[in-house]
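Listed below, chain by chain, are the residues.
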Amino acid sequence: MLRFSFIFRGRGVAKRFASSFSNESALPPNLLLPTNLVDPDRLKRPPPPADSSLPPLRKCDAAVPAHLTPVQAWVESLERQDSEPLGVAQLHPDVFAVPPRLDILHSVETWQRNYKRISHAHTKVRSEVSGGGRKPWKQKGSGRARHGSIRSPIWRGGGVSHGPRGPTSYYYMLPMKVRVQGLKVALSSKMAQDDLHIVDSLNIPTPDSQYLLDLIRHRHWGESVLIVDVGEDFSENILQATANLKTVNVIPAIGLNVHSMLKHEAIVLTLETVKFLEDKLLWHDERYTPLYPFKLPYSDFP
Amino acid sequence: MFVSDPWLRYKQRTRVAYDSEHAWKQKTVDMSLLGGLLRAGASYCQSAGTLLHTVRTISTGTCCQIRMHAIPQPKKVDRWTEKRSMYGVYDNIGILGDFKAHPKDLIVAPCWLKAFKGNELQRAIRKKKMVGDRMMTQDRHDLEKRIRFLYRRFNRTGKHR
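Here the structure is a predicted model, which means the values were calculated and not measured. (Residues numbered from 1 in each chain as written. Chains lettered and ligands numbered in written order. Predicted model: local features only at pLDDT ≥ 70, side-chain atom pairs only at ≥ 80, totals over all residues. Heavy atoms only, no water.)

Draft legend 1. Summary view of the layout of surface pockets. Within this model, the second largest pocket holds a volume of roughly 580 Å³. Lining of the second largest pocket is provided by 17 residues; of these, K116 of chain A together with K83, R84, Y87 and G88 of chain B occupy positions nearest its centre. Elements represented by at least two residues in the lining of the second largest pocket include exactly α8 (258-263) of chain A together with α2 (82-85) of chain B. Its residues assigned to classes, the lining of the second largest pocket shows 7 nonpolar, 2 polar and 8 charged. (1 Å grid on protein atoms, 1.4 Å probe; cavity = no way out; pocket = protein on both sides within 12 Å on 5 of 7 lines; lining within 4 Å. Points joined across faces, edges and corners; volume = space filled by probe spheres on them. Helix = DSSP H or I, 4+ residues; strand = E, 2+ residues; numbered from the N terminus. Nonpolar A, V, L, I, M, F, W, Y, C, P; charged D, E, K, R; others polar.)

Draft legend 2. Examining the pattern of salt bridges more closely. Applying the stated criterion to the full structure yields 13 salt bridges over all chains. Residue D103 of chain A is joined to R101 of chain A by a salt bridge in which the shortest nitrogen-to-oxygen separation is 2.9 Å. Classification of D103 of chain A by relative accessible area gives partly exposed; the value is 43%. Given the relative accessible area of 39%, R101 of chain A is considered partly exposed. What you see here is one network of salt bridges that share partners, running through E128 and R165 of chain A together with E120 and R146 of chain B. (Salt bridge = Lys/Arg side-chain N within 4 Å of Asp/Glu carboxyl O. Buried < 20%, exposed > 50% of the residue type's maximum accessible area, 1.4 Å probe, protein only.)

Draft legend 3. Representation of the pairing of strand β3 (residues 87-91) of chain A in the model. Residues and elements named next belong to chain A. Counted residue by residue, β3 has 5 buried out of 5 residues, so it is predominantly covered. Where strand β1 (residues 56-58) lies against β3, 2 bridges are found, and the strand directions are parallel. Within the sheet, the bridge partner assigned to R58 lies in β3 and is A89. Pairing between strand β2 (residues 71-76) and β3: 5 bridges, direction antiparallel. Residue pairing across strands places A73 opposite A89, the latter belonging to β3. (Pairing = 2+ DSSP bridges.)

Draft legend 4. Geometry of helix α9 (residues 271-283) of chain A. Its 13 residues place the ends of α9 of chain A 19 Å apart at the C-alpha level, agreeing with the 18 Å of an ideal helix rising 1.5 Å per residue. Buried within α9 of chain A are the following residues: L271, T273, V274, F276, L277, E278, K280, L281 and L282 of chain A. (Expected span 1.5 Å × (residues − 1).)

Draft legend 5. Main features of the sheet that holds β2 of chain A. Residue and element names in this part refer to chain A. With respect to topology, 7 strands assemble into an open sheet ordered β1-β3-β2-β6-β9-β7-β8, the strand pairing being mixed. Whereas interior strands pair on both sides, the edge strands pair on one side only; in this sheet they are β1 and β8 (248-252). Within the sheet, the average angular offset between the axes of one strand and its neighbour, ignoring direction, is 35 degrees. Of the strands in this sheet, β2, β3, β6 (196-199) and β9 (266-270) are in contact with helix α5 (residues 176-192), which crosses β6 at around 90 degrees. (Axes fitted to C-alpha atoms, helices over the stretch in contact; angles between N-to-C directions. Contact = heavy atoms within 4.5 Å.)

Draft legend 6. Geometry of the interface of chain A and chain B. If you look at the interface, chain A gives 51 residues, while chain B gives 38 residues. Of the roughly 3,800 Å² buried at the junction of chain A and chain B (both faces included), carbon and sulfur atoms supply 61%. Of all residues in chain A, Y171, I254 and K263 of chain A give up the largest surface area on contact with chain B, accounting jointly for 15% of the area buried on that side. Connecting chain A to chain B are 4 salt bridges. Across the salt bridge formed by K116 of chain A and D91 of chain B, the nearest N and O atoms sit 3.1 Å from each other. Along the contact surface separating chain A from chain B lie 15 residue pairs in polar contact (both at pLDDT 80 or more). For the side of chain A that touches chain B, the secondary-structure elements that each account for two or more residues are α4 (102-114), β5 (168-169), α5, β8, α8 and α9 of chain A. Of the residues forming the side of chain A that touches chain B, the biggest block, 5 residues, is contributed by α9 of chain A. Residues that form the side of chain A that touches chain B fall into these classes: 26 nonpolar, 16 polar and 9 charged. (Buried area = accessible area lost by both parts, 1.4 Å probe. Polar contact = N/O pair within 3.5 Å; in protein donor to acceptor, adjacent residues only side chain to side chain.)

Draft legend 7. Representation of the packing of helix α4 (residues 120-131) of chain B against helix α5 (residues 137-156) of chain B. Residue and element names in this part refer to chain B. Two elements in contact, α4 and α5, have axes whose closest approach is 10 Å; the angle formed by their N-to-C orientations is 145 degrees. Seen from above, α4 lies across α5 with left-handed handedness. Contacts from E120, L121, A124, I125, K127 and K128 of α4 reach α5 at R140, L143, E144, R146, I147, L150, Y151 and F154. (Left-handed = near helix turned anticlockwise from the far one by under 90°.)

Set out below in structure tokens:
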């Protein structure tokens, strides 16, 4: 264990492999290790135990089923870099502890990639290529092969017989409950792998990007962080701090989606975001099937 | 085990040859000419365990030979551009946003393809219905010819009609 204390984060695992090589240039320069390999620095503060005696800062609003217990998570603060967590929050198990359905994650991710895809590949058919109306030479007697037009697909410069035709769309919609379940599975997976962090609010002392980077590196959150907050108004400091950063992004809670959650290593939610997400995602478990689209007015919704 | 960086410039390089006494030896070969290398390599090692770096040569008939590296450099892609890092945001605007908007409103497409999927005939008919009176004469004529051809092709030929 003494050896680990000398290894800086990121090359911890690599250095263990390095000792087995005999020659000097141990690691190939193009080695890419995933940054979320089990890192000894991150195991310092375990998540709060299920039966912790601390009073929770936030309890679940919706009723938790009797056979499940709420998930406990630390509530941290962004004010100071090395501050201790403020308390414990309880999260609904039907949103943050669902079974990990990787097939649903895959289908939601492929849906996100494909439903807005428009392929503009287009080729001209033999009738659309300019020219080629006249028979090039007479049918018999010239000694050459018989042809009807100079733009047939076997000619150079001729049309393409079975090529891509025009802008093509790949639009389809997954059932609403599948998309909702995809969000729940993504949140649960991030929670289970210790990549979900709850924060009381997004107030930062300085609009400095370096402060955020130092905070993230100090708390070992990962390389990329997705910060989610409810409402359109964000504090100026956080907007300015993340404006120049590529891997740290702020989105409103309405913009949460599976692809962004999988792309960023760590997710940071505020307490209001947790309430908003639980409210929106748990409603689908106990709703009636729509008789008409939900965008038309219902008496008891929203 | 022969470990080397394949992207090193093809200058002097150390090659490891497997001798018949089952011992690894290091031989330095001067690699000024490719043809000389290959011939030298063939003469050096007779057994089957030799590793040769094959570099393609293009001969134009004269003595000037073009050298190419066998393995091209991988292209450098920035995975965190604005478009890539914000991809997919607002895709769940219906579920999370009270159903005031639908993800199909986010699609950037020609108007006859927004939230529509079909085969070529269906797309062509929809285009003619929605945009046909705005099209140029030659394009519209080509579209009508295409619709006529595809209708006959799908409905009168083949197994499915």
